[in-house]
Structure formats: structure tokens, C-alpha cells
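Topology and contacts: notes
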Amino acid sequence: MRLPYRLKLFPSQVVAVTVALTLLLFIPQIWLNWQAYCNFNSITKNEFHLQILSDKITYFDEVLTMSARMNAATGNFIWEQRYREFEPQLDAAIKESIKLAPTAYKNKDTKKIDTANQKLVSMEYQSFNLVNNNQKDAAQILLSSPDYEIQKRIYADGVAKRNHNISLALEHKVTEYRQSMLWAFLASIMSLFILIPAWFLVLVLLQQYLTAKKMSQAALEEANSNLEIQVATRTEKLNQKNIQLQQTLHDLQQTQVQLIQSEKMSSLGQLVAGVAHEINNPVNFIYGNLIHTKEYIYQLLNLINLYQQEGFYHPKIANFIDEIDLNFVVEDIQKILASMEVGAERIREIVLTLRNFSRLDEAEMKPVDIHEGINSTLLILQHHLKGKNDQQEITIFKDYGHLPLVECYAGRLNQVFMNIFSNAIDALRQQEIEYLKSGNKNYINSITIHTEVKSEKYVIISIKDSGLGITEEVKDKIFDPFFTTKPVGKGTGLGLSISYQIIVDKHRGKIKCISAPNQGTEFLIEIPIKQNNLLERSKNPELSHQY
């Protein structure tokens, strides 16, 4: 298309006039759209909300009436509580409706509706007093009386009429909004008829401008092509560096996880070892002296018996023997000594178990009894297994096989047992909370431990709880560092990640989680019995990640 000569000479004037015309036509368009927006905003903020409040008022009123009548019919105090619970909500809804539509609540029927409402409330409160005084029949008669029904009808008719007026106001607003949108649409059509030819001229001018720039753009494209090659080369280098940085970050994260968990378990081991050491000395003192004490007491008893046999009696001695009931003392002191000996022996066993759990002096791999490590870990967690307050005790089922001594890092393996048992206890306690909320008391909190030898080279340790189980999505992430489903402050997401590293990386074993919703959770651990098996697996590391 060829333009007139004058337009070719003054393209900037054509653009300026077109832009000015566009702005001039858009001003009334913007005003119409703003008016339509205001109408729509008014409808959404006031009228629709007012309609919802009207429905709430009707619903709350019916709830109050039903609660009063059910209270009179059953005499159950819960209906009066329900009435008093919903009454403030009704008042709040009415107050909010008055703020949104004050004119709807200031007509000639308002006083009549309020009077009827006050009488209804008065009769309903009177019925509550009658029920509380064991006069249910009188309360029922009051709430079914003609006067109550008349006031109820007056109130219901007034509220219905008010809701109808509110609906009419909403329809009027919607009509105004539709008119505004219609005018805005018509104005848009007119603006398009005027602006399309003007902007067509502008587009023609732009086409001529782009044609003039085409030659220079070809040169720029060639330069851009060379630049893109350079950018691609540098991008490839950056990607390689990013991969290296990601690997470094992953290694640092793994190191951080190991340091945090190792420090935690080291602190726990030091604490347990320290407590065991401090208890061990006085217990050994008590246990060692019990033998001499028992011997001395038996000697004294033999001396008293010898005195009795030889007839060395004195009236005071005879009276004192009767007073202390010497025969009972002789019999009971033997039981006391036996129970003290059993208690001291039990404390010594506990101290030994604590020392076995900490194993701070075992930094190297050596043959250990797996069952001993499991038992010592359970002893540490005994307080959590018993529960607090009304919590049910968690039952431990042990199905131990005949395991040989296993070459492993005992302290690290105990750390794995600690993490798995702690997670199982947390899952069972959470399940207990869910069951108590639902009123279900027929449940059992249990953890089953099974061990066996597999193919003479590996041992399998299975730890299964009777909890709620986990989903497939969560199961795929449980060994990831810092992943946890516990609330903030309850878990760090490090326990199972560290356990995975200990089993797979340190022992070249395998660990697997078997779980489904409402089916409990089972952890299967497989580790080599001998160190030569460990070396064989290290030659094929991909086997460590298969099950």
C-alpha cells in the first residue's frame, strides 16, 4: 500500500495523532470499566456476603429453636449448651448484617421482629429453667404453646421478608452491573471502529521502518551467531563446574550429616559410659561387702543359737527376744540378704549392658554378639517403651536365631538400632494418639525383632512395628538426608540417612524398608558375618544398593 505524499513526509505526526486518539477514546472506556468494577466489587463484598449472612441467620435461628425443643424433650443439658454456643454466633451474624445493610434493618417491621425475637428468647430461657428444675413436661408445653408459635411465625415471616428485600437489592445491583458492562462493550466496539484504520497506518509505517533495518539486522545476526558459539562453549564449561559444585555440596552435606550424628552418638556414648563407670564402683563395693556382711550375720545368728542351746538366759534378754520376735528376724534377714544380692547383681548386669552399648573403645571392626547390642539398645529406651501417663506399654517380641559372632563396628551398629527403634516408638505413639482420638482402644503397640543366618555368609536382622505404616512416596525418601515427616523440632531427618551410610558404606551391607499404610513398618538389615565377605562386596559396590 502506497501512502499519500504528505503522510510519507510526516510519519511521526501520524503516530502521535493515533496515540492521542487512542488515549482520548480509552479515557471514557476506562471510566466505564471502573464503574463496572465498582459495581461488581460492591456486589461481591456486600450483597453476596449479605445473602450468605441472611442464610446463616436463618440456620442459626433454626438451630436455637431445635436445641430448645430437644432440651425440653430429652432433658439433656447438652442441648442447652448447644443453644448457648450458637446464640453468640447468631448475634454476631445479625450485627454484621446491620453494618452491611442498615436500611434493611430500620424499616417499620424491625421493631415487630425484635419484639417477637425477645419473646422467643425469653420463653426458650424459661424452658431451660423448667428443665433444670426437672419440669420437662412444662417446658414442652411452653415451647409448643400458641403464643410461642405465633411469635415464631411473626419472627420467621419478618426474617423471610427481610431476606426477600435483600435479594431484591442484590438483583438491582446485578442489573446495574449488567448495564455498565453493556455500555462498556458498546464503547469498546466504537473505539475499535475508529482505532483500527489509524493503527493500520501506523503498522504500514512500522513495516517500512523494519524494511530499512533489514540489511543491518543481517550483519547483527552474523555477529550473534559467533557470539552464541562462544556462549555455548562457556555454558558447557559452567555446566561442568556446576556439576562439580553439586557433587562437592553433596559430599559436604554427607560429611555434615555424619559429623552431626557422630557427635550426638559420641555424646550419648560418653554419657552412658560415664554413668556406667560411676555406678560400677559403688555397686562393686556393695556387692563385694554383701558377701562379708552375709558371713558376719550368719556368725552372729549362730552365736545367738549357741547361747540358746547352752541355756544362757537372762530375764531381760528373754524379754528382748520376745519383743523383737527373734525367729521372724532370723527368717526375714536371710530373705533381705538374698534380695539385696539379687538387686546388686541386677545393677551389675545393667552397668555391663550400658558399657556394651557405648563401646567407645571399639573403633576397629571386631566380632560381636548382635543380640547383645540389640538388648543394650532396648535397655536405653526402656523408659520410652513403658510410656508416660496413660500411654500403653510397647511389647517387645524377640525371635532370635542362633547367630555367630559378627565382624562389625559395634558402636555404629548400635547407633543404627537406636535410630530404628526410636522411629518405631515415635510411630507407635503417634498411632496411639490417632486411636484415642477416634475412641478405639482395641490396639496393640508392639515391636517384633527377628534374626537369622542367611547362606552362611550374612545375617539378617528384622525390626518391625505395628504402627500406621508409611506411603510409597514417603518410603522412597526416608533415607535422604534431612528428610523427615515429623513436626519442626521433633526430628532432623538424619537418623535413617546415617543408618544407611553405616550399613551400606561402612559394612557393605543392605538395608530395606518394607511398609504400607495400616500395615506397619519393617526394616530389613543384612550384613556380612566375616570381613572377607566385606572385601568381596567392596569389589562390586553396585551390589550394596540392590535388594
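Residues numbered from 1 in each chain as written. Predicted model: local features only at pLDDT ≥ 70, side-chain atom pairs only at ≥ 80, totals over all residues. Heavy atoms only, no water.

This part takes up the overall build of the protein chain. When helices and strands are counted, the protein chain shows 14 helices and 7 strands. Taken across its 547 residues, the protein chain has 32% of its residues classed as buried. In the protein chain, the proportion of contacts linking residues at least 24 apart, taken out of those at least 6 apart, comes to 74%. Accessible area for the protein chain stands at about 35,000 Å²; split by element, carbon and sulfur atoms hold 59% of it. (Helix = DSSP H or I, 4+ residues; strand = E, 2+ residues; numbered from the N terminus. Buried < 20%, exposed > 50% of the residue type's maximum accessible area, 1.4 Å probe, protein only. Contact = heavy atoms within 4.5 Å. Areas by Shrake-Rupley, 256 points an atom, 1.4 Å probe, with all protein chains shown as cover.)

Let's shift gears to empty space enclosed by the protein. If you walk through the whole model with that rule in mind, you get 3 cavities of 30 Å³ or more. Empty space within the largest cavity amounts to approximately 50 Å³. Along the wall of the largest cavity there are 10 residues; nearest its centre are V368, D369, G373, A410 and N414. For the lining of the largest cavity, the secondary-structure elements that each account for two or more residues are α9 (370-380) and α11 (410-438). (1 Å grid on protein atoms, 1.4 Å probe; cavity = no way out; pocket = protein on both sides within 12 Å on 5 of 7 lines; lining within 4 Å. Points joined across faces, edges and corners; volume = space filled by probe spheres on them.)

If you trace the 5 strands from one edge of the open sheet to the other, you get β2-β4-β5-β7-β6, paired in mixed fashion. Only two strands of the sheet have a single partner each, and these edge strands are β2 (395-399) and β6 (510-515). Geometrically, the sheet is characterised by an average inter-axis angle of 15 degrees between neighbouring strands, direction not taken into account. Relative to strand β4 (residues 446-454), β2 runs parallel, the two being bridged by 5 bridges. Bridge pairing in β4 places D399 opposite H450. α9 contacts β2, β4, β5 (458-465) and β7 (521-528) of the sheet and is inclined by roughly 165 degrees relative to β4. (Pairing = 2+ DSSP bridges. Axes fitted to C-alpha atoms, helices over the stretch in contact; angles between N-to-C directions.)

Core analysis: the biggest nonpolar cluster contains 38 residues, and I370, F417, F421, I447 and I525 have the highest contact counts within it. Looking at this core element by element, the count peaks at 10 residues for α11. In contact with I370, other than residues within four places in its own chain, are L403, V406, C408, L413, F417, I461 and I527. Ranked by size, the runner-up nonpolar core spans 25 residues in total, among them A72, I94, L120 and Y148. (Core = buried A, V, L, I, M, F, W, Y, C linked by side-chain atoms within 4.5 Å.)

It is worth spelling out a nonpolar patch on the surface at this point. On the surface, a nonpolar cluster with roughly 390 Å² of combined accessible area is contributed by L300, L303, L306 and Y307. Looking at where L303 falls in the secondary structure, it is placed in helix α6 (residues 146-310). Classification of L303 as partly exposed rests on a relative accessible area of 42%. (Patch = residues over 30% accessible without salt bridge, like charges linked within 9 Å, V, L, I, M, F, W, Y side chains within 5 Å. Salt bridge = Lys/Arg side-chain N within 4 Å of Asp/Glu carboxyl O.)

We now examine the pattern of salt bridges. Counted under the stated rule, the structure contains 6 salt bridges. Among the ionic pairs, E149 bridges to R69, the shortest N-O distance being 2.7 Å. Of the two residues, E149 is situated in helix α6 and R69 in helix α2 (residues 11-74); the sequence distance between them amounts to 80 residues. Judged by its relative accessible area of 34%, R69 falls in the partly exposed class. The closest approach of N and O atoms between K454 and E526, which form a salt bridge, is 3.3 Å. Residue K454 is found in strand β4, and its partner E526 is found in strand β7; the two are separated by 72 residues along the sequence. Note on K454: relative accessible area 34%, which makes it partly exposed. Via salt bridges that share partners, K454, K510 and E526 belong to a single interconnected network.

Just geometry here; none of it tells us what the structure is for.
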